[in-house]
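# Commentary on secondary and tertiary structure
What follows is the residue order along each chain.
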Amino acid sequence: MSFTLAIVGRPNVGKSTLFNRLVGKRLALVDDQPGVTRDLREGPARLGELRFTVIDTAGLEDVTDDSLQGRMRRLTERAVGMADICLFMIDARTGITPTDQVFAEILRKRGAHVIVAANKAEGRAGDGGVLEAFSLGLGEPLRLSAEHGEGLDELYHILRPIA
Ligand code: GDP
Ligand code: MG
């Protein structure tokens, strides 16, 4: 049996970096073709011997503040509806922002199965943000560095029981 993991969270926290790492660069390039929807990207992921589907939410980067919340909500709800489990990513260097709180609320209301991931946590600069991530009330945060490939072992151990 396989499962679908949706990576959700506000722009610029590192969702696509993790997506690319799980799927591989070759497939991610397909997204650069014209006519391909950029809102949700889906690809086959590998982590150790695990094989699953991963969804990256995007298309929020170029919208204005006014339309961001509604669009973000719709997109996130769509991804949550498609997924067995959500990886809710925050930026450990920035800490929790009001926008992160909006995402947490959407996920809570939906009763989604959530892994909170505090990304950009390489080195010590992310320590404060990792602690703050506990305050979201969505469980113990996973310490991650999508760019440096740190925390993927822990992600594997979290995902393995549901595979
Ligand atoms: P998205 O908008 O959530 O998809 O974020 P991206 O994956 O596009 O990443 C946004 C920025 O954060 C890029 O400049 C990445 O290089 C950077 N980034 C992603 N992951 C990490 C990380 O683990 N550590 C650091 N320091 N930067 C990261
Ligand atoms: Mg992205």
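This text follows the structure it describes.
What you see is a predicted model; the values in this text were computed from it and never measured.

Definitions and limits used
Residues numbered from 1 in each chain as written. Chains lettered and ligands numbered in written order. Predicted model: local features only at pLDDT ≥ 70, side-chain atom pairs only at ≥ 80, totals over all residues. Heavy atoms only, no water. Pairing = 2+ DSSP bridges. Helix = DSSP H or I, 4+ residues; strand = E, 2+ residues; numbered from the N terminus. Buried < 20%, exposed > 50% of the residue type's maximum accessible area, 1.4 Å probe, protein only. Arc of directions from axis to C-beta. Near = heavy atom within 4 Å. Polar contact = N/O pair within 3.5 Å; in protein donor to acceptor, adjacent residues only side chain to side chain. Areas by Shrake-Rupley, 256 points an atom, 1.4 Å probe, with all protein chains shown as cover. Core = buried A, V, L, I, M, F, W, Y, C linked by side-chain atoms within 4.5 Å. Contact = heavy atoms within 4.5 Å.

Turning our attention to the sheet that holds strand E4 (residues 85-91). In a beta sheet, neighbouring strands pair by backbone hydrogen bonds and run either parallel or antiparallel. The 6 strands are arranged E2-E3-E1-E4-E5-E6 in an open sheet whose pairing can be described as mixed. Every interior strand has two partners, whereas the edge strands, strand E2 (40-47) and strand E6 (142-143), have only one. By the bridge criterion, 8 bridges tie E2 to strand E3 (residues 50-57) in an arrangement that is antiparallel. Looking at the pairing, Leu 47 lines up with Leu 50 of E3.

This paragraph deals with helix H6 (residues 152-159). Residues lying three or four places apart along an α-helix face the same way, a consequence of the helix completing one turn every 3.6 residues. Along H6, the residues classified as buried are Leu 152, Leu 155, Tyr 156 and Leu 159. Down the axis, H6 shows its buried residues gathered within 105 degrees of arc, on one side only. Away from the buried face of H6 by more than 90 degrees, exposed residues Asp 153 and His 157 are located.

Bringing the site of ligand 1 into the picture now. Of all residues adjacent to ligand 1, which total 15 residues, the nearest are Asn 12, Lys 15, Thr 17, Glu 122 and Glu 147. Backbone polar atom of Asn 12 to an oxygen atom of ligand 1: 2.7 Å apart, as the coordinates give it. Measuring from an oxygen atom of ligand 1, one finds a side-chain N or O atom of Ser 145 at 3.0 Å. Compared with its free state, where it exposes 580 Å², ligand 1 has 75% of that area covered by protein. The biggest single contributor to the shell around ligand 1 is helix H1 (residues 15-23), with 3 residues.

With that settled, the discussion passes to the nonpolar core. Phe 88, Leu 107 and Leu 136 are the most contacted members of the largest nonpolar core, which totals 28 residues. Where this core is concerned, the elements lending two or more residues are strand E1 (4-8), helix H3 (65-82), E4, helix H4 (98-110), strand E5 (114-119) and helix H5 (127-134). Element by element, the count of residues in this core is highest for H4, at 5 residues. If we ignore the near neighbours within four places in the chain, the residues touching Leu 107 are Val 8, Val 80, Cys 86, Phe 88, Ala 112 and Val 114. Counting 25 residues, the second largest nonpolar core, distinct from the first, contains Leu 22, Val 23, Leu 142 and Tyr 156.

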